[in-house]
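Structural overview
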Amino acid sequence: MTAHLPLTAATTCAQPRAIGSVRLSTKPVGGQTVIDGLYQKGAAKVVFPRATRGLTAVLLNTSGGVTGGDRFDYAATAGAGTHLTMTTQACERAYRAQPGEVGRVETRLTAEDDATLWWLPQETLIFDGCAMTRRLSCNLAPTARALIVEPMCVGRIAMGEDTVHGHFADRVSITRDGAPLVLDAWTLSGDMTAQMSRAAIGGRATAMVSLTYIAPDAEAHLAPIRALLPDTGGASLLTDDTLVLRTLAPSGYHLRKTLLPILDHLTGGHVPICWRL
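Before going into details, it helps to say that this report is about the structure given with it. (Residues numbered from 1 in each chain as written. Predicted model: local features only at pLDDT ≥ 70, side-chain atom pairs only at ≥ 80, totals over all residues. Heavy atoms only, no water.)

Attention now goes to unusual backbone geometry. A positive phi angle, close to 60 degrees, is found at Asp114, a residue other than glycine. Mapping Asp114 onto the fold places it in the loop between β8 (103–111) and β9 (116–120). The phi dihedral of Arg204 falls on the positive side, at around 75 degrees, and the residue is not glycine. With respect to the helices and strands, Arg204 occurs in the loop between α1 (192–197) and β15 (207–214). On the basis of relative accessible area, Arg204 is assigned to the exposed category, the value being 66%. (Helix = DSSP H or I, 4+ residues; strand = E, 2+ residues; numbered from the N terminus. Buried < 20%, exposed > 50% of the residue type's maximum accessible area, 1.4 Å probe, protein only.)

Moving on, we come to the side chain of Arg176. Looking at the secondary structure, you find Arg176 in strand β13 (residues 165–176). At a separation of 3.0 Å, a polar atom in the side chain of Arg176 contacts the side chain of Asp241. What Arg176 contacts, discounting residues up to four positions off in sequence, is Asn139, Leu140, Ala141, Pro142, Ala144, Leu181, Ile214, Asp241 and Thr242. (Polar contact = N/O pair within 3.5 Å; in protein donor to acceptor, adjacent residues only side chain to side chain. Contact = heavy atoms within 4.5 Å.)

Let us look at helix α3 (residues 252–267). For α3, which comprises 16 residues, the first-to-last C-alpha distance of 21 Å matches the rise-based estimate of 22 Å (1.5 Å per residue) to within 8%. Its axis deflected by about 25 degrees at Leu259, α3 carries its strongest bend there, up to four residues before the proline Pro261. Within the span of α3, buried status applies to Leu255, Arg256, Thr258, Leu259, Leu260, Ile262, Leu263, Leu266 and Thr267. Residue Gly268 follows α3 closely and has a positive phi angle near 65 degrees. (Expected span 1.5 Å × (residues − 1). Bend = angle between axes of the 7 residues up to and from the residue.)

This is the structure in structure tokens:
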């Protein structure tokens, strides 16, 4: 006789979740930046298109986005004297999550002496019902340079999704030789649309970007960048070589129209081709 157990929460199979990781490092060879080490696993992949400067790594999420329970972690080291640009194939999507489940994305970046590291992911699109926590840490050697960009959009206006509820927590931590340099953290939880509509938070904007540029010529870029910003943006110097920027926009399209000229200015026109409108 075969016993049949009743189907309960304890015996129900858990829904599949996307897990992925990438480990990447670079080294100089003959005046060029080349791959030193590469490891990729699960739903996280990386491809290397032809680049006009240094090495460009394009991250791919083969699951199509991040939902509750998904886990992604990325780690990259720009070796001494190299130039590494990291971007994404398309906009990342923070999808609706099951109750009690949170998607998590962790990125750890390192730039060694005389290295340049550009972190230029495309926008993260926050869907109604999402639950996601994202953490980025970057440690720079004393003579390293970096450009760190994190753009995001709340809701999908073109799809009629103009009211978004959920939870999204973001944290960017940048250190130089282990000492704190920049800490930028924010959280939207509950009625995100209502929160972004408040004058002291978003002023009805649905898109936002945080940018940090760390290099000896940061001060020289401040005035030109301020001239490129709309009334909803601002840029300041934290130190002589650290420039920070934040700007709001009514849509992802308007955000990119503002951001692209700034990125072109800071990179000398070497923005990855996948960024172009």
